[in-house]
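One letter stands for each residue in the lines below.
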Amino acid sequence: EPTSGLDSTSAVALLKMLKGLAKEQGKTVITSIHQPSSAVFRSFDSLLMLADGCVVYFGNPVDSLQYLKQQNYECPGGYNAADHWMDLLVTDSAIDEDTTSHGSELFEAKRKLIEAWDGEVVADEIENGVHVKASPSTDVEDGTTEIQEKKYNASWMTQFYVLTHRSLKNSRSAVFTSMNIIKAVGVGAVTGLIWFQMQNTERTVLDRSAYFFFTMSYWVFDAMFLALMTFPQERAIIFKERASGAYHLSAYFMAKTISEAPTRLSLPIFYMIISYWLANINNRFVVFLGTTFCTMLSVMAGESLGLLVGASVMDFDKAMTVMVVVSLALLLVGGFFVENMPSFIKWVKYLSPFKYSFDASQQMVFDRDVPCDGSGVLELICGGNSEGFATSEQVNEFLGVQGSIGFNIGILILMFILPRYGAYWFLNRKKGGERGT
């Protein structure tokens, strides 16, 4: 309340100084001003009048008097415009609407002003980058001026930087928590102990294959369902901020995508460091890096699917139902549980991120000959003998691996990009309809 206790001249001078500070120095100044004088009232760039939570006027303060005149509530000559607005919009609880004629007139004036203002037209004009400084019902003949302004006060890069910073803080507090780190380390330790120190022999072929399917399944599911909650939980904030012209949707979406990637990927990395070496999957370090990279890609692909479902189905309960059905269907056709699927549904497996990360990882792990040990796991190759070797090509064919490593990684990258584009499209499409609800 900077003007409290000041005379009108000093109040005007102070507001001019604050206005200059805001415009020239790029500062945000928030003040509360009681009973502004006519000079202070006219110094405002824009005026927003509210009554019972509804907008009754938004535009230039001077033009607001012309608007009130059109609504048959002309300000008396020599009367303070701010006081006139308050007389029309603020009702005293001491005034009984039913028994006082003056009180009834005030209530009726407020009701008419609420009904007269077309808020949807103004919202559309703001979104189109046109800032109308008077009532949408006025025209040029009535002296109304239209001023073209930029829709956004900040550049795209500034919006992206600020939103990334905000998303990083939110994702660190939501994803990169002590409990999630303990969970990742704990699951990695348990997994490594269950598949503890496997040897590169015929007996462990299926076990090593199962390790990777479990790894991909767990982390893809984790990413899917965490990403699913992103937009349904934030939808009220997204649409409110976008309707006010706070930022580009693309800036928000890119910031959200990039900022959450480091925290989302750090947990699978902790898991892989612990479980991979405990299980002795393959002692070549380059294989560890390759399979960890596949795990990270599968996590990002799973997150993209979660974002797509969350953006297309904004109701959280419905989105959860859709996500459960879709994720389980993609898991079942991922190549581990079912080998002989009906032809009419077999094509679904080519939409599964589980399949491509699983196939790429198996080719990396089984990169050398596997000694036969007479266990009968590779009966068709080793013939039950404890001597000889199964080549890497034979092992991968036995496991039903399809496509090269590069092909599978390329599809995972597409599964990372395309669903995110779809999620962006759904968000942009829903924006206009949500504003009116």
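About the thresholds
- Residues numbered from 1 in each chain as written.
- Predicted model: local features only at pLDDT ≥ 70, side-chain atom pairs only at ≥ 80, totals over all residues.
- Heavy atoms only, no water.
- Axes fitted to C-alpha atoms, helices over the stretch in contact; angles between N-to-C directions.
- Helix = DSSP H or I, 4+ residues; strand = E, 2+ residues; numbered from the N terminus.
- Parallel < 35°, antiparallel > 145°, perpendicular 65-115°, else oblique.
- Left-handed = near helix turned anticlockwise from the far one by under 90°.
- Contact = heavy atoms within 4.5 Å.
- Nonpolar A, V, L, I, M, F, W, Y, C, P; charged D, E, K, R; others polar.
- Disulfide = S-S within 2.5 Å.
- Patch = residues over 30% accessible without salt bridge, like charges linked within 9 Å, V, L, I, M, F, W, Y side chains within 5 Å.
- Areas by Shrake-Rupley, 256 points an atom, 1.4 Å probe, with all protein chains shown as cover.
- Salt bridge = Lys/Arg side-chain N within 4 Å of Asp/Glu carboxyl O.
- Expected span 1.5 Å × (residues − 1).
- Buried < 20%, exposed > 50% of the residue type's maximum accessible area, 1.4 Å probe, protein only.

(A) Quick peek at the packing of helix α11 (residues 249-279) against helix α12 (residues 285-312). Across the interface, α11 lies against α12 with an axial gap of 10 Å and an inter-helix angle of 140°. Taken together, the axes of α11 and α12 are oblique relative to one another. Note that α11 runs across α12; the crossing there is right-handed. Contacts from E260, A261, R264, L265, P268, I269, M272, I273, Y276 and W277 in α11 reach F285, V287, F288, T291, T292, T295, M296, V299, M300 and E303 in α12. Among the residues making up the contact of α11 with α12, the classes are represented as 14 nonpolar, three polar and three charged.

(B) Examining the state of the cysteines more closely. Inspection of the entire model under this criterion finds one disulfide. The side chain of C372 participates in a disulfide bridge whose partner is C382; the two sulfur atoms lie 1.9 Å from each other. Its S-S torsion of approximately -75° makes the covalent link between C372 and C382 left-handed. Here the residue C372 occupies a position in the loop between β5 (370-371) and α15 (379-382), and C382 occupies one in helix α15, the gap between them amounting to ten residues.

(C) Summary view of a nonpolar patch on the surface. The grouping of W156, M157, M254 and I258 at the surface amounts to a nonpolar patch, some 370 Å² of accessible area in total. Put simply, the parts of the chain that give the nonpolar patch at least two residues each are α7 (156-174) and α11. Within the secondary structure, W156 sits in helix α7.

(D) Just α12, in detail. Its 28 residues give α12 an end-to-end C-alpha distance of 41 Å, which sits within 8% of 40 Å, the value for a rise of 1.5 Å per residue. Counting buried residues in α12 gives 21 out of 28 residues, a clear majority hidden from the surface.

(E) Quick peek at the environment of T295. Tracing the sequence through the fold places T295 in helix α12. Residues T295 and F354 lie 59 residues apart in sequence; the distance between their C-alpha atoms is 9.8 Å. In this structure T295 touches T215, M216, W219, P268 and M272, once residues within four positions along its chain are discounted.

(F) Quick look at the pattern of salt bridges. Under the criterion given, the structure shown has five salt bridges. Two residues, D222 and K183, come together in a salt bridge whose shortest N-O distance is 3.5 Å. Of this pair, D222 sits in helix α9 (residues 205-228) while K183 sits in helix α8 (residues 178-194), placing them 39 residues apart in sequence. For D222, a relative accessible area of 17% puts it in the buried group. You can call K183 partly exposed: its relative accessible area is 31%. Here R284 makes a salt bridge to D367, at a shortest N to O gap of 2.2 Å. You can see R284 sitting in the loop between α11 and α12 and its partner D367 sitting in the loop between α14 (353-365) and β5, a full 83 residues away along the chain. On the accessibility criterion, D367 (25% relative accessible area) is partly exposed.

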